[in-house]
Amino acid sequence: MICNYCPRKCNAVRTEHHGEGFCGMGELPVVARVAPHFGEEPCISGTKGSGTVFFSGCTLKCVYCQNYEISSQHKGKTITPGELADCYKRLEQTGVHNINLVTADHFVNAVVKSFEIYKPRIPVVYNCSGYTSPKTLSMLDGIVDVYLPDFKYSDDTLAVKYSSAPNYVNIASAAIKEMIFQVGLPQLDEDGIIQKGVIVRHLILPAHTKNSIGVLDILKHNYGKQILVSLMCQYVPVGQADKYSRINRKITRREYEKVKFELYQRDLNGFTQDLSSASEEYIPSWEF
Ligand code: SF4
């Protein structure tokens, strides 16, 4: 195939096992972990866990990636769409609340095929970077029930510096608009588990509270209460963060309280984390 799935539009050749595009991945999915996960937002993990499938590779190159072992080192096992469908079945049998696809943008074709083989009876969560094209998202219309995108930057210069992602703000804004169009307003069941909707995550970076407050402004202005906002403080300096002095530490309580205050000021609905989440203990272990 010639790939233009994500906003990078590499026009690159991808065979089953090999890819020449920015993401460097072939067409077949590479999976690093398939397991119930209890570290998501309460309305996703609930009491029974979220049935996560972590995909290797990424269309972003965040220097601080918390999952760098799989995003940039591409560790994982190559599987077919049929085997991916079997993963959904196995997860569903454990009693998890949902199937949660983590960073699957570059495998969207295989993901669509996998759901043609098996559509779970529980909600499907699509957990992604937000750097996604509306056209590619339209392939997931009718498959995905809950979108869980990041909105990392309000400042495109930071997006280029830390994630090699030009035009991030416009691209992520358009992607979230398409997600809301597809799945509508957040709907929770009687147990507080999300069935439909969009939850936008923002990971606060150390020394960049201005960026975070800018993100909250964009979310408030563009979407308001059409989305839930998940403010995350779990940043730990991993990957190549040691090459960037400003982000080579955890965030401080003062930084977190400042951004949380601004979240409450904007009257957005959503979630915050406990500062104790900023630990490598909360990074999942991978199955290779
Ligand atoms: S999915 Fe990979 S190959 Fe395709 S356009 Fe994006 S980065 Fe390039």
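For the structure itself, look to the data block above.
Worth saying up front: this structure is predicted, and the values here are computed from it rather than measured.

A.B. asks: Tell me about the overall build of the protein, residues and numbers included.
C.D. replies: In terms of regular secondary structure, the protein is built from nine helices and twelve strands. For 288 residues, the compact-globule formula gives about 19 Å, and the C-alpha radius of gyration of the protein, at 18 Å, lands near that figure. Projected onto its principal axes, the C-alpha coordinates of the protein cover approximately 50 × 45 × 35 Å. Per-residue burial over the protein gives 58% buried out of 288 residues. Put simply, of all contacts in the protein between residues at least 6 apart along the chain, 70% involve residues at least 24 apart. When the accessible surface of the protein is summed, it comes to about 12,400 Å², and 50% of that surface belongs to carbon and sulfur atoms. When the 31 basic and 30 acidic side-chain charges of the protein are each reduced to a single mean position, those positions are 4 Å apart.

A.B. asks: Describe in detail the layout of surface pockets, supporting the description with residues and values.
C.D. replies: Taken as a whole, the second largest pocket holds about 180 Å³ of empty space. Lining the second largest pocket we find eleven residues, and of these Val 34, Lys 77, Ile 79, Cys 87 and Arg 90 sit closest to its centre. For the lining of the second largest pocket, the elements supplying multiple residues, two or more each, are β3 (30-37) and α3 (81-93). Tallied by class, residues from the lining of the second largest pocket come to five nonpolar, no polar and six charged.

A.B. asks: Now, about the pattern of salt bridges: what can you tell me, with residues and values included?
C.D. replies: The final tally for this structure, using the stated rule, is twelve salt bridges. Ionic pairing is found between Glu 69 and Lys 75, a salt bridge with its closest N-O pair at 3.7 Å. For Lys 75, a relative accessible area of 32% translates into the label partly exposed. Between Lys 89 and Asp 86 there is a salt bridge, with its nearest N and O atoms 3.7 Å apart. Taken together, the residues span about one helical turn, with Lys 89 and Asp 86 both in helix α3 at a distance of three residues.

A.B. asks: Residue-level account of the packing of α3 against helix α4 (residues 108-117), with values.
C.D. replies: Following both chains from N to C, one finds α3 and α4 inclined at 60°, their axes separated by 8 Å at the closest point. It follows that α3 is oblique to α4 by the angle criterion. As for how α3 packs across α4, the hand of that crossing is right-handed. Every residue of α4 that contacts α3 at Pro 81, Gly 82, Leu 84, Ala 85 and Tyr 88 is listed here: Ala 110, Val 111, Lys 113, Ser 114, Phe 115 and Ile 117. For the contact of α3 with α4, the per-class residue count stands at eight nonpolar, two polar and one charged.

A.B. asks: Which residues make up the site of the ligand, and what values do they have?
C.D. replies: The full set of residues close to the ligand is Cys 3, Asn 4, Tyr 5, Cys 6, Lys 9, Cys 10, Arg 14, Gly 21, Phe 22, Cys 23, Thr 59 and His 106. Because more than half of its atoms lie within 2 Å of the grid, the ligand is assigned to the largest cavity. Taken together, the residues that form the shell around the ligand break down as six nonpolar, four polar and two charged.

A.B. asks: Explain the packing of aromatic side chains residue by residue, including any values.
C.D. replies: Scanning all chains against the criterion turns up nine aromatic pairs. Ring centres of Tyr 131 and Tyr 168 lie 5.9 Å apart, and the angle between their planes is 5°; this geometry places the pair in the stacked category. Here Tyr 131, found in the loop between β7 (124-128) and α5 (134-138), pairs with Tyr 168, found in helix α7 (residues 168-183); they are 37 residues apart in sequence, far enough to count as distant. The exposure class of Tyr 131 is buried, given its relative accessible area of 2%. With a centroid separation of 5.7 Å and 75° between ring planes, the pair formed by Tyr 162 and Tyr 244 is classed as edge-to-face. Of this pair, Tyr 162 sits in helix α6 (residues 156-163) while Tyr 244 sits in the loop between β11 (228-232) and α9 (253-265); the two residues are 82 residues apart in sequence, bridging distant segments of the chain. Taking relative accessible area as the criterion, Tyr 162 reaches 0% and is therefore assigned buried. Taking relative accessible area as the criterion, Tyr 244 reaches 23% and is therefore assigned partly exposed.

A.B. asks: Lay out the environment of Val 259 in plain terms, naming residues and giving numbers.
C.D. replies: By the secondary structure assignment, Val 259 is in helix α9. In the structure, Val 259 is positioned 48 residues away from Asn 211 in sequence and 9.8 Å away in space, judged by C-alpha atoms. With residues near it in sequence (within four places) discarded, Val 259 still touches Ile 204, Thr 209, Ser 212, Leu 216 and Leu 231.

A.B. asks: Lay out the side chain of Thr 132 with the relevant residues and their values.
C.D. replies: With respect to the secondary-structure elements, Thr 132 resides in the loop between β7 and α5. The exposure class assigned to Thr 132 is buried, which follows from its relative accessible area of 3%. Within polar-contact distance, the side chain of Thr 132 engages the side chain of Asp 105 at 2.8 Å. If we ignore the near neighbours within four places in the chain, the residues touching Thr 132 are Pro 7, Asp 105, Leu 137, Ile 171 and Ala 175.

Cut-offs used in this document
- Residues numbered from 1 in each chain as written.
- Predicted model: local features only at pLDDT ≥ 70, side-chain atom pairs only at ≥ 80, totals over all residues.
- Heavy atoms only, no water.
- Helix = DSSP H or I, 4+ residues; strand = E, 2+ residues; numbered from the N terminus.
- Rg over C-alpha atoms; globule rule 2.2 N^0.38 Å.
- Buried < 20%, exposed > 50% of the residue type's maximum accessible area, 1.4 Å probe, protein only.
- Contact = heavy atoms within 4.5 Å.
- Areas by Shrake-Rupley, 256 points an atom, 1.4 Å probe, with all protein chains shown as cover.
- Lys, Arg positive; Asp, Glu negative; His and termini not counted.
- Charge placed at Lys NZ, Arg CZ, Asp CG, Glu CD.
- 1 Å grid on protein atoms, 1.4 Å probe; cavity = no way out; pocket = protein on both sides within 12 Å on 5 of 7 lines; lining within 4 Å.
- Points joined across faces, edges and corners; volume = space filled by probe spheres on them.
- Nonpolar A, V, L, I, M, F, W, Y, C, P; charged D, E, K, R; others polar.
- Salt bridge = Lys/Arg side-chain N within 4 Å of Asp/Glu carboxyl O.
- Axes fitted to C-alpha atoms, helices over the stretch in contact; angles between N-to-C directions.
- Parallel < 35°, antiparallel > 145°, perpendicular 65-115°, else oblique.
- Left-handed = near helix turned anticlockwise from the far one by under 90°.
- Near = heavy atom within 4 Å.
- Sits in = over half its atoms within 2 Å of the grid points.
- Phe/Tyr/Trp six-rings, centres within 6.5 Å; stacked < 30°, edge-to-face > 60°.
- Polar contact = N/O pair within 3.5 Å; in protein donor to acceptor, adjacent residues only side chain to side chain.

Interpretation note: all reported values are geometric properties and have no functional meaning in isolation.
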